[in-house]
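Chain residues, written in single-letter form:
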Amino acid sequence: CTASAWTAQGHERLQTLRGHTSWVRSVALSPDGRHVLTGSADSTAKLWVAERGECVQTLRGHKGPVNSAEFSHDANVVLTASDDRTARLWRLDADASTSVVQWTMKGHKGPVKAAIFFPGSTSDILTACGDHIVRVWSAGTQEGGEFTGDSP
């Protein structure tokens, strides 16, 4: 399965990213525009060099589809959310060719559908789940709080 980049007018395909073995569910562009991050139903996220469409690494560890993937504001940290009921914080090395899981956030009772960084932060995170709970996490303390409520 693939992800594609198009011109703003949508008439010309600039790049096709091939490598996932199932649906691509999420795509993010690094703040500097140099890298693309994809999350897939194949339980992986992939980091690509935007200009060449080359996959430089595959982030493995989730046990279910990756529903969301995003960069921190400085592009040194990546955040993924999965059907395996977790979100993961990945620290990238300087050239983005390797990564290490810095923290796995556990506590949701259903698939984690989205995860985002607080603006300007690489460690304060919000996750949203089908269990009607939004959790607030801090990597500094590796703890989370929650907001609950029913969907309208």
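Scroll up a little and you will see the structure.
Residues numbered from 1 in each chain as written. Predicted model: local features only at pLDDT ≥ 70, side-chain atom pairs only at ≥ 80, totals over all residues. Heavy atoms only, no water.

## Digging into the packing of aromatic side chains
Part 1 of the reasoning: Applying the stated rule across the entire model yields 1 aromatic pair.
Part 2 of the reasoning: Relative to Trp137, the ring of Trp103 lies with its centre 5.7 Å away and its plane at 80 degrees, an arrangement referred to as edge-to-face. Highlighted residues: Trp103 in strand E10 (residues 99–106) and Trp137 in strand E13 (residues 133–138), separated in sequence by 34 residues. (Phe/Tyr/Trp six-rings, centres within 6.5 Å; stacked < 30°, edge-to-face > 60°. Helix = DSSP H or I, 4+ residues; strand = E, 2+ residues; numbered from the N terminus.)

## Quick word on unusual backbone geometry
Part 1 of the reasoning: Backbone geometry places Ser43, a non-glycine residue, at a positive phi of 75 degrees.
Part 2 of the reasoning: Structurally, Ser43 is set in the loop between strand E4 (35–40) and strand E5 (45–49).

## Remarks on the layout of surface pockets
Part 1 of the reasoning: Taken as a whole, the largest pocket holds about 150 Å³ of empty space.
Part 2 of the reasoning: Forming the boundary of the largest pocket are Ala3, Ser4, Ala5, Leu14, Gln15, Leu17, Val27, Val36 and Ala50.
Part 3 of the reasoning: Those elements that place two or more of their residues in the lining of the largest pocket are strand E1 (2–6) and strand E2 (13–18).
Part 4 of the reasoning: Looking at the lining of the largest pocket residue by residue, the class counts come to 7 nonpolar, 2 polar and no charged. (1 Å grid on protein atoms, 1.4 Å probe; cavity = no way out; pocket = protein on both sides within 12 Å on 5 of 7 lines; lining within 4 Å. Points joined across faces, edges and corners; volume = space filled by probe spheres on them. Nonpolar A, V, L, I, M, F, W, Y, C, P; charged D, E, K, R; others polar.)

## Some words on the pattern of salt bridges
Part 1 of the reasoning: Evaluated as defined, the whole model comprises 4 salt bridges.
Part 2 of the reasoning: The salt bridge partner of Arg25 is Asp83, with a shortest N-O separation of 3.8 Å. Separated by 58 residues along the polypeptide, Arg25 in strand E3 (residues 24–29) and Asp83 in the loop between strand E8 (77–82) and strand E9 (86–92) bring together distant segments of the chain.
Part 3 of the reasoning: Its relative accessible area of 41% is what places Arg25 among the partly exposed residues.
Part 4 of the reasoning: Assessed through its relative accessible area of 25%, Asp83 is described here as partly exposed. (Salt bridge = Lys/Arg side-chain N within 4 Å of Asp/Glu carboxyl O. Buried < 20%, exposed > 50% of the residue type's maximum accessible area, 1.4 Å probe, protein only.)

This is a description of form; function is not addressed.
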